[in-house]
Structures are given as C-alpha cells and as structure tokens.
Amino acid sequence: MILIWLIAIPVAGGLAAWLLDKWAPGAPRWTALVAMLLNLLIGLRLLAPAEGPWLVAIDVPWIDAFGIRFHLAIDGLSAVLITLTNGLGMIAVACSWHEIDRRRGFFFFNLLWVLAGIIGVFSALDLFLFYFFWELMMVPMFFLIAIWGHENRIYAAVKFFLFTQIGGLLMLAAIIGLYIVHGRATGIYTFDYNALLGTAMAPPTAMWLMLGFLIAFAVKLPAFPVHSWLPDAHTEAPTAGSVILAGLLLKTGAYGLLRFVIPLFPEAARTFAPFGMLLAVIAILYGALLAFSQTDLKRLVAYTSISHMGFVMLAIFAWNELALQGAVIQIVCHGISTGALFIIVGMLQERLHTRDLRRMGGLWDQMPRMGGMALLFALASLGLPGLGNFVGEFLILIGVYPVHRTLTILAALGLVAASIYSLWIVQQAFHGRARETRHRLTDLTGREGTILGALVLAIVWLGLYPQPVFTLTRPVLDRMLQTARSAPATPLKITLAPAATARAAGPVEGDWHADR
Amino acid sequence: MQTADFTALTPLLLLAAAIAAVMLQIALKRSHILTIVLTLAGLIAAMLGVLAVGDMPARQVTPLVTMDRLAFFFIGLILTATAATALLGCRYWEHAVGQCEEYYLLLLVAALGACVLAAAHHFAAFFIGLEILSISLFTLMAFARRRMASVEAGLKYLVLAGISSAFLLFGIALIYADVGSLAFPIWTARLQAAGETVSPLLLIGMGMTVIGVGFKLALVPFHMWTADIYQGAPAPTTAFVATVSKSAMVALLLRLFAPVDFTAEPALFWTLAILAFASMIVGNILALRQDSVKRILAYSSIAHMGYLLVAFLSGGPAAIAATVFYITAYTITVLGAFGVVTVLSRTDADADSMSDFQGLFFSHPWLAGVFMAMLLSLAGIPLTAGFIGKFYAITAGAQGGIWWLIITLVLTSAASLFYYLRIVVAMFSPPLENKTQPPAAGISYSGGLVLTVMTVLLIWVGSAPGPLIDLIGRITQ
Amino acid sequence: MNVPLTHLLTLAGGLFFIGIWCAVTRRNLIMVMLGIEIMLNAAALAFVGASLRWQQMEGQAVALFVLAIAAAEVSVGLALIICIYRRYRTLDPAKVQ
C-alpha cells in the first residue's frame, strides 16, 4: 500500500493545489509542500534494508486481456531514487515559492504530477505500467516548460517532447516485441519484469529489441547523438523544471538502462557495450567542451549534465560492481549538485534578470553567502574529495579501468575539464570586478539558505559517508550482475542456430566482458 | 419473415419509426425543441433495442442483412455518435437563419443508412445502406447554405462519393460476373478457395472495390478534397462524417476482408499495406503544413485510418478485435474533438483558425482541458483511449510480424505530435488582444453533456479498458 | 444468351471509362454529374450482363436499385448546383473556389 500512497499523495496534492488556487493565492504552494513532505516521510520508511529481493510490492491485475498487471515493487535501488525524488521534489516546490507568479495552482499541479510519474517509473515492475508512467511524466513536464519557461519556451518544450516521445514510442514497440517473443516461447503473455527476465531469443531479435529500449533511455540520459533537446529544455525551463529535469528525469534514463536494458538483453548489451562506452566518453568530453564555450550560465550547467551523465552510462556499460556502485552514487550526487547549481542560477536570475555570464562578475562582494554556496557546488561538480560526486566518479573510473584502459583515461580527461569549467563559473560570476553598475543585491534569504543548506548537508554526507547507499543498493546490483551473467546459461527453450547456442553458453563463468 | 426476424431488426425498425415520427412532426408543427426531443427519444429507443437483443445468436434476416454481435456493436456505436452529433447541433443550429428541423431528420436517415451498412450481408443491402448514408450526408454538409464553403463541401463530397460508388459498383459487378452471387460470405469463400490463382475478373473487381473503399475511408491516394470537405462542412456534420461514416465503412471492411487469410492473398495484402503506409506518411506530412484546426483533424483522420489498417492487416486473432477497438476509441476521441470545435462555433462561422483557439485555456479552461485530452488521445498518450487503441494496434501488428508497418506507425505518430502540440500550445498562449472569443453565451448544456460524457469515456477506456476489450472479444469470436 | 459476357463487359468498361473521363476533365459541374451518371449506368449494365450469365434475377434487381439511387443522387446534386450557380453565376468548378 505504501507505494500506492507514494504515487497517490502527489496526484491528490496536485489536484488539491489546482482547486485551491481560486480559494487563496498562497494555498497551492503550501499544499504542494505539505504533500511532498508527507511523501518524503513515508518514503523514508522504505530505506530499511530487507531480506527478500523486493522490499514492498503490490501486484493486482489491471488489463487481463493482455496480461497487464498493476505491479509496483521496489528494491534498494528504487528506494534510494524515490527518496531522491521526494527530496528534490520538496526543494523544487520551495524554490518556486516566489518565482512562479502566474497560475500557481496549475503550476504545482504539473510539478506534483511529474513527481508522481517519476516515482511510478522508479517502482513499476510491469513493462506496460512502466511505459505508462514514462509517458505520464512527460506531459506535465511539457507544460512546465511551455507555460512558465523563459523566452524561447515553446520551441524548447516541443523539442523536448518530440525527442522523448520518439524514443518512448520505439520503446513501446520494443516492449510489445519482447512481450510477443516471450509469449510465443512460453505460451504466457505477460508484461511482468521478473517473468520477462531471461527470455530466450535469437541474437538479432535481441539486438533490435534492445536498441528500442536503449534509444528511449539514451534520449533521456542524454547520450551523445540524441542530447540536443537538453540544453534548450534546461535553459528555458523555470528553475523548478530545471531541477527536476536534471535531478530526476535524466536519472530515469540511467535507471532504465540499469534495470531494463542490460538485465533483459544481457547478450545484446554485451555486444553493444563497446559502442555504448565510446558514446559515453564522447558525451563526457563533448559536454565538457561545449560547457566551456557557453556564456549563458544555465546552458553551461546543462552541458555539464551531459558530461556527468556520460560517466553514468560509461559505468553501466562497464557492468561490474565497482562501476555500478559508482554509477548509483553519481546518479544521486549529480541530482543534488546540479539541482543546487540550477537553483543558484535561478536565484541569480531573479536578482539580476539575466543569465549571461558576461554581465556578472564581482557578485561575491554583495552576496558572500551565495558565492560560498556556488563555490561549494562547483567544487562538488568538479569532483573534490569529501563531496559526493568524487566518490561516484572515482569508483566509476576504478571500475571501468580493467574493462577498457584508453576509454578510462579519456574519461578522466573529462574530470580535468570539469575543474576548468566549474572554477570558470565561480571566477566569472562571483570574482573579479563588477562589469555593470547594479542596485544593491540581497544575499540569500532564509528560505533560500535553508534550501541550499539542506543540499549541502546531503552532498557532504554522501561524500564522507556513502555507506548507507552502498548497503542498500549492493544486494540489488549483485543480483543484477548475477542475472546478466547467468542469463545465457538458462537453457534455451527454443533451439537457436547451433552457433548461437555455443556462443551463448560460452562466457557463463567469466566476467561479463570476458570474451572480448 | 418470422417474429424472430423482426426481433432481430428491432433497432433498425425503431430508428425507422423515429424517422417517420420526426418527419410527421415537422410537417405538422415546426419546433426545434420538439424535433430534438423526438430525435433523441428515437435514438435512445433504438439503443435500448440494441441492448435488449444484442446478445442474441447471430441471425440472418432475409438474404440481405445479418444481425450478429458485430452488427449490433457497430449499430450501438453509430447510434451513440448520432445522438452526440444531434446534441452538439442543438446550440449550433439554434441561431441559424431559416429552419433547421430537417437537419435532425437527415441525421437520423444517415444513421439508418450507416446501420444497414454495418449489418449488410449482401451486396444489395450494402449498396442501399451506403447510398442512404451518402445522399443524406451531401445535404447535411450543405446544410449551412448561406455559407458557400458548406455548399461547396456538399458538392465536392457528392462528386467524390458518386465516383467512388461507381467504382465500388463496377468492381462488385465484375466480382458478381465471376462468382455468381451477391452474398458476401460466398465471395470470401471463393477468394479463399482461389488462393494465388485468382481469375483476372475477380482481381480487377477486387481492385476496384478497394479503390471504392479507399475513397470512402479517405485513404491516400484517394484523399483529395477530404480536408476541403472537413473544413467546409458545418462542425456537427464534420463530427458525424468523421465518426459515423468511417465506422460504418470499417464494419464493411471487416465483413468483406476479415475472413480472408492475407498470407494466401499477397496481392490484396500488398495493396492494402501500401494504402496504409501512404496514408500514414502523407496524412501526417500534410497535417504538419496546415493552419486550420479542422484541416489538421482531417489529415489526422487520414493518418488514423492508416493506423487502423495496420491493425486490420496483421491477420491473426487479434486483428479484428484491435480494429474494432481502434475505431471505437477513435470515435470517442473525434466526437470529443469536433465537439469542442462545434461548441466554439456559430452557424455563420466555425471556430477553425489557430487564433480561434489561442488563449482558450484562460477563457474556457474546461473546454481547453477537454480538447487537450482529445488531442493527446489522438497522439496516443497514456491515460486516454487513443493510447490503448494504438497499443492494441501495435500488439496486433507485432503478432502478425508486419514490423515495417509498425515502425512507420511509430515514427509517423511521433511526428504527428508536432501538429497536435501546436494546437495545445496555441490554447496555452496568451489570448489575442483584439479578438472576441467565439461563444460569448457560454457552453450549452447539451454540448457540455456530450463533452463530459466523451471525456469520461476517454479516460475510462484509457485507464481501465478491460471491460471494453472483453466485450469486443466476445463480439469478434 | 446470344450476347457473350465479354462483349457486355467490354461495352460496360468502355462506358465506365468514358464516364470517368467526363467526370474528371469537364469544366462544367453539370457535365461532371453526367459523367458520374454514365459511370453508374455502366456498372448497372455490367450487373445486367453478369446476371444474364448466371441466369439470376439478383443482378437485374441491383440494376434497378442503381437507377433509383442515381436519380436521388442527381436530384440532390442539381439542387446544390443551383445553389452554387445563384451565388457564383458559373458552373466551372475551377472558378468556384
């Protein structure tokens, strides 16, 4: 039931916020804040490590004709991500407290529905249900960008929607393909994740189906050739929208790769892994390079996201325990640090009415507290030891090194670039001399200080003591590694070509990448 | 004819009685309200008739029609759509110059034609049903006769329908010359038996029949003027054409070709597959270039018939069920979409250009919400009936292994988002300063009722399609 | 039974194409209607021929239906044409738009 509540509270809270808008102008934001606080508290109960593979589950029939079930279940990985969602959701509500002055009710309605969709994505174990939530979080996000965004919002919103929708529809076709392949082989037509794991299929089929999933997640992540929606969407979205985009929506892509692509299609993913890792490294370097050449602060932070999410993709395709642990930490920490940077940009924009780096400079004198915060998150972003991102990136690089040395070294170059652009932000915006005469600027208010303070606590804690996250996610990752390794060993129910069987039976014992 | 025959025909008889009653009422005393009440009473009586006898075992009444579950389902769908159109038309025609009672009469006659078409089992019944439907439609389209666009739409549809009827007729005459019977089952049996060696007469006949059906369903390349007709016709008529005449033709398509095994008939399969492919591509591309909402919906209907054909062509057990589900979901959605257009329109000018919809969200949030739901359903976003329909179509297609059509469906429907979103974005843009919003008087109760019902149905079918799928499963067994 | 089916179908086919030609190329709405009528009648003729081949009455009955329905169609069509003519004073479909 607890999972139902986690989704129902934002849904109901969103509706309430919309309806209460007419009653009192301040009501929507309080409703939204209370709903997310409630969700966070309920969600914390999920963080207890448990014995079975799934911590809590709910599983009832939904559309019998297709074998679709309303199956929600979470394990440690989902629990961590859901907690991140609730936390960043609260922050997103708090940071749009004053920024949104038009149609607040509808704004918070959309915001809460995006969050509900994200929680659904992180907990759905029926592939149809997963797709359902996957699409459901898109529509409110479209409105967040299209209605409350900045100058070029319509273009950005439509671009975002088209990219993700094309990916999503291809994934739908792949989901249905998998459903039919499994149904043909076993006679059981189901969308259930656990049942579909280890479905035997011919390698070309597996490759096509995997590509269908992969494209959807790669667009979301975003991976290198399909990333171009991201800078626009991030730049034009309102602050809360950027926080949710960078902090949560991108993570659904990583989660999908981790949860679906590799466990469902281990063989095909193994074949694809070298390309995947190459694309990831290209994303790391390309994102960093482009970040460096931006003058729009928000766009700059958006490009750093591409670079950082490249690390996650690299780790996932390396598919070993260290790298995956690193990926999980990186997912969480990137959500927090980039979210914080977007919030700071939002605060600057509220005060200066510009995001142009060339018009900033010398802000430290007037806003030392904000400058300090910005410096801290910039350092987190460049991977300073002691802060969460360092743990993630370090583990990823260690994990990837045995798999592919050259790529690891190239990826490490991304870290160097990260320190350049991170310090560049601070130097350009806060140090130096003011390039424009401006009115007195207020430093962080109490509300803003609390928001950033909470994020600082989180990132420092994850940097110094990430063990709880490891404890929660290790069993999950171990199990995934097991599934993906042993999948080819499960007896193939339909006989494939002899060559394929022989090849599939090969690497059972060894590492996932052993046969290369 | 025995009593059981009359029992089976109950819905059609009630509908015919309603037509006679409305006709008499108009002759005796003109009253808009009275006509509407009579029309709705007749439609509701016929619907109750469907509910009462719908579960009967299939019965062939004379050689002409078969009243089976499929027929009853389509008759129910047609009656519902007609009732929705009549309710939507109330406010639209209220301020019309001149008399408008005949509109409802013609609506009922057209519905009767569509019902006969849905139950047709024999060529003669099919032809009579089709022509009753078409001839009423010409008049329904030209009904706003002060508006030249409306009359032109009627005339264009007349020329188009005449040519397509002639093709159908000639094709059927050739088939008849070859087969020696006008009953549908004998044709399909003959076609099955012939396998790959079809006689040229039968082949040409089938080809001309496909052309005729293609015209009626507005498949590419028989789609010219579709957009003009949709745009020119009064909004309630457009809703009617897009739903009733399409679903009647789909019923016919099912009767004619559903028993055919497409793997044994590559020529027929490829003809229909290419029509589906072209409709998806051309329909969506042309829709991208439109600025008129009605034209966008017209081209999108072409594309949707292409999607429907994908489900239909998949063969296999799910094909028929998927097709029926698709047309049902489509009917609900299109009634809602044109319902919004109708509610925003007046007899003298329909809400059509993008600017008519600009800022709708702020002036009429509820209407905008309904329209958005309908557009998202057309685009196939979850929680709407359109999504389940598309999902069903893709599943059926994947079972049939026609992946190239599925990929086309997926990519074109992703592209279609672009023009649906344009309308959505227009609704959320700030309203134009110097523009008076179309309905100053607000939404009529009847229009509001239809839109509410359609929205509820849309979300119900979209979130819990189980009952409808079961029902369709029982029908198509 | 003196006339073979092929002859009849050839005649009907010829008429049908004349009808299409007329309906598609003529620049006068009345002539377009006329073309459609020719097409419909060609189909009716084909029905009569086919019914002769099978020695059935069905085809002939359909031919009668076709005549009746073609008449109805023409009456509606002419009404619309008059409506258009009153407004535009022309029957050229190209000029009507």
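Definitions and cut-offs
Note that residues are indexed from 1 along each chain, following the sequence as it is written. In the order they appear in the text, chains get letters beginning with A and ligands get numbers beginning with 1. Given that the model is predicted, a residue must reach a pLDDT of at least 70 before its local features are reported, and side-chain atom pairs must reach 80 or more before they are shown or counted; all residues, however, enter totals for whole chains, interfaces and linings. The secondary structure listing takes helices from DSSP runs of H or I that are at least 4 residues long and strands from runs of E that are at least 2 residues long, numbered from the N terminus. For this measure, only C-alpha atoms enter the radius of gyration; the expected value for a globule follows 2.2 Å times N^0.38, where N is the number of residues. Around each residue's C-beta, the other C-beta atoms within 10 Å are counted; 20 or more make the residue buried, 12 or fewer make it exposed, and counts in between make it partly exposed. All C-beta atoms are placed from the backbone. Contact between two residues is assigned when their C-beta atoms, built from the backbone, lie within 7 Å. Note that Gly is not counted as nonpolar here; it falls among the polar residues with everything else outside the nonpolar set of Ala, Val, Leu, Ile, Met, Phe, Trp, Tyr, Cys and Pro and the charged set of Asp, Glu, Lys and Arg. For the purposes of this analysis, a nonpolar core is taken to be any set of buried Ala, Val, Leu, Ile, Met, Phe, Trp, Tyr and Cys residues that are connected through C-beta atoms within 7 Å. Given the number of residues in a helix, its expected span is that number minus one, multiplied by 1.5 Å. One confidence number per residue, pLDDT, is output by the predictor and ranges from 0 to 100. Only C-alpha atoms enter the line fits that serve as axes; for helices the fit covers just the stretch in contact. Angles between N-to-C directions range over 0 to 180 degrees. By the definition adopted for this analysis, an angle is roughly parallel if under 35 degrees, roughly antiparallel if over 145, roughly perpendicular if from 65 to 115, and oblique otherwise. Crossings are sorted by hand: turned counterclockwise from the far helix by less than a right angle, the near helix makes the crossing left-handed, and turned clockwise it makes it right-handed. Paired strands, in this sense, are two strands between which DSSP finds at least two bridges. Directions are taken from the helix axis to each C-beta atom, and the arc is the one they span.

1. Some thoughts on the overall build of chain C
Secondary structure summary: chain C contains 4 helices and 0 strands in total. When the helices and strands of chain C are listed from N to C terminus, the series reads α-α-α-α. Compactness check: chain C gives a C-alpha radius of gyration of 16 Å against a globular reference of 13 Å for 97 residues, more than 25% above the reference. If you line up chain C on its principal axes, its C-alpha atoms span 50 × 25 × 15 Å. Taking all 97 residues of chain C together, 37% fall into the buried category. Considering only residue pairs separated by 6 or more positions, chain C has 44% of its internal contacts joining residues 24 or more positions apart.

2. Focus: the overall build of chain A
Secondary structure summary: chain A contains 21 helices and 2 strands in total. Against the compact-globule benchmark of 24 Å for 516 residues, chain A has a radius of gyration of 22 Å, which places it among compact chains. Dimensions along the principal axes, computed over C-alpha positions, put chain A at roughly 75 × 55 × 40 Å. For chain A, buried positions account for 59% of its 516 residues. The long-range share in chain A, meaning contacts at least 24 apart out of those at least 6 apart in sequence, stands at 80%.

3. Examining the interface of chain B and chain A
The partner chain A presents 23 residues to the 22 residues of chain B that form the contact. When contributions to the side of chain B that touches chain A are tallied by element, the ones reaching two or more residues are helix H18 (385-400), helix H19 (403-428) and helix H21 (466-475) of chain B. Per-element tally for the side of chain B that touches chain A: the top contributor is H19(B), with 9 residues. Per-class residue counts for the side of chain B that touches chain A are 16 nonpolar, 5 polar and 1 charged.

4. Brief notes about the nonpolar core
Core analysis: the largest hydrophobic core is formed by 450 residues, its most contacted members being Leu314(A), Ile78(B), Ala43(C) and Ala46(C). When residues in this core are grouped by element, the largest group, 22 residues, is from helix H7 (residues 148-179) of chain B. Ignoring sequence-local partners within four residues, the contact set of Ala43(C) consists of Ala166(B), Leu169(B), Phe170(B), Ala173(B) and Val66(C).

5. Concerning helix H17 (residues 365-379) of chain B
Residue and element names in this part refer to chain B. Taking 1.5 Å per residue, 15 residues should reach 21 Å; H17 reaches 21 Å between its end C-alpha atoms and fits that length. Across the 15 residues of H17, 12 count as buried, placing the element largely inside the fold. In the segment just after H17, Gly380 is the residue with positive phi, at about 85°.

6. Some details on the confidence of the model for chain A
Residue and element names in this part refer to chain A. For chain A, the average pLDDT comes to 85, and 93% of its residues sit at 70 or higher. Per-element confidence in chain A ranges from a low mean pLDDT of 40 for helix H21 (residues 498-505) to a high of 92 for helix H5 (residues 127-136). Counting interchain partners and residues more than four positions distant, the pLDDT-below-50 stretch residues 487-510 has 26 contacts.

7. Some remarks on the packing of helix H4 (residues 69-94) of chain B against helix H5 (residues 101-119) of chain B
Residues and elements named next belong to chain B. Where H4 contacts H5, the two axes come as close as 9 Å, and the packing angle between them is 165°. In this view, H4 runs roughly antiparallel relative to H5, as classed from their interaxial angle. In terms of crossing hand, the pair formed by H4 and H5 is right-handed. Between H4 and H5, the residues in contact are Ala71, Phe74, Ile75, Ile78, Leu79, Thr82, Thr85, Ala86, Gly89 and Trp93 and Tyr103, Tyr104, Leu107, Ala111, Ala114, Cys115, Ala118 and Ala119, respectively. In terms of residue class, the contact of H4 with H5 is built from 15 nonpolar, 3 polar and no charged.

8. Observations concerning the packing of helix H17 (residues 388-400) of chain A against helix H19 (residues 446-464) of chain A
Residues and elements named next belong to chain A. Their axes nearest at 6 Å, the elements H17 and H19 cross at an angle of 40°. Overall, the two elements H17 and H19 adopt an arrangement that is oblique. The residues of H19 that touch H17, namely those facing Gly388, Phe390 and Val391, are Ile459, Leu462 and Gly463. Counted by class, the contact of H17 with H19 contains 4 nonpolar, 2 polar and no charged residues.

9. Side note on the interface of chain B and chain C
With 28 residues of chain B at the interface, the matching set in chain C holds 34 residues. Taken together, the residues of the side of chain B that touches chain C break down into 21 nonpolar, 4 polar and 3 charged.

10. Remarks on the environment of Ser247(B)
All names here are of chain B. Within the secondary structure, Ser247 is located in helix H11 (residues 235-257). Once the C-alpha coordinates of Ser247 and Ile327 are considered, the two residues, 80 residues apart in sequence, prove to be 6.4 Å apart. Contact partners of Ser247, with chain neighbours within four places excluded, come to Phe74, Leu77, Ile78, Ile327 and Thr331.

11. Focus: the pairing of strand E1 (residues 56-63) of chain A
All names here are of chain A. Bridging between E1 and strand E2 (residues 68-74) involves 7 bridges; their strand directions are antiparallel. Each bridged residue has a counterpart across the sheet, and for Val60 the counterpart in E2 is Phe70. Hairpin connection from E1 to E2: 4 residues lie between these consecutive antiparallel strands, with Gly67 at a positive phi of about 70°.

12. Some details on the arrangement of the chains
The assembly contains 2 pairs of chains in contact; the pair sharing the most contacts is chains B and C. The smallest C-alpha distance separating chain A from chain C is 35 Å, and no contact links them.

13. Re the environment of Ala337(B)
Residue and element names in this part refer to chain B. You can see Ala337 is positioned in helix H14 (residues 316-343). In this structure Ala337 comes out as buried when scored by C-beta crowding, with 29 C-beta atoms within 10 Å. Residues Ala337 and Leu70 lie 267 residues apart in sequence; the distance between their C-alpha atoms is 26 Å. Residues in contact with Ala337, not counting those within four places in the same chain, are Leu297, Phe371, Met374, Leu375 and Leu378.

14. Focus on unusual backbone geometry
Of note, the bond from Leu221(A) into Pro222(A) is cis; its omega dihedral lies within 30 degrees of zero at -5°. Looking at the element boundaries, Pro222(A) is found in the loop between helix H9 (203-220) and helix H10 (229-236). The step from Val220(B) to Pro221(B) runs through a cis peptide bond, and the omega angle for that step is 5°. Turning to its location among the elements, Pro221(B) is positioned in the loop between helix H9 (200-217) and helix H10 (226-232). The phi dihedral of Thr62(B) is positive, around 55°, even though this residue is not glycine.

15. Concerning helix H2 (residues 10-28) of chain B
Residues and elements named next belong to chain B. Relative to the 27 Å expected for 19 residues at 1.5 Å per residue, H2 spans 27 Å between its end C-alpha atoms, a close match to the ideal helical length. All of the buried residues in H2 are Pro11, Leu12, Leu14, Leu15, Ala18, Ile19 and Val22. Looking straight down H2, one finds its buried side chains confined to an arc of 160°; they lie on one side. Those residues of H2 that are exposed and aimed more than 90 degrees away from the buried face are Ala20, Leu24, Ala27 and Leu28. Elements in contact with the buried residues of H2: helix H3 (32-53), H4 and H5.

16. Some remarks on the confidence of the model for chain C
Low pLDDT means the predicted coordinates in that region are not meant to be read closely. Residues and elements named next belong to chain C. On average, chain C scores 87 in pLDDT, and the residues at 70 or more come to 95%. No element of chain C has a lower mean pLDDT than helix H4 (residues 93-96), which averages 68, and none a higher one than helix H2 (residues 29-54), which averages 91. Across the predicted assembly, pTM comes out at 0.90 and ipTM at 0.94.

17. As for the environment of Trp460(B)
In this fold, Trp460(B) is placed in helix H20 (residues 445-463). Along the backbone, Trp460(B) and Pro431(B) are 29 residues apart, and their C-alpha atoms lie at a distance of 32 Å.

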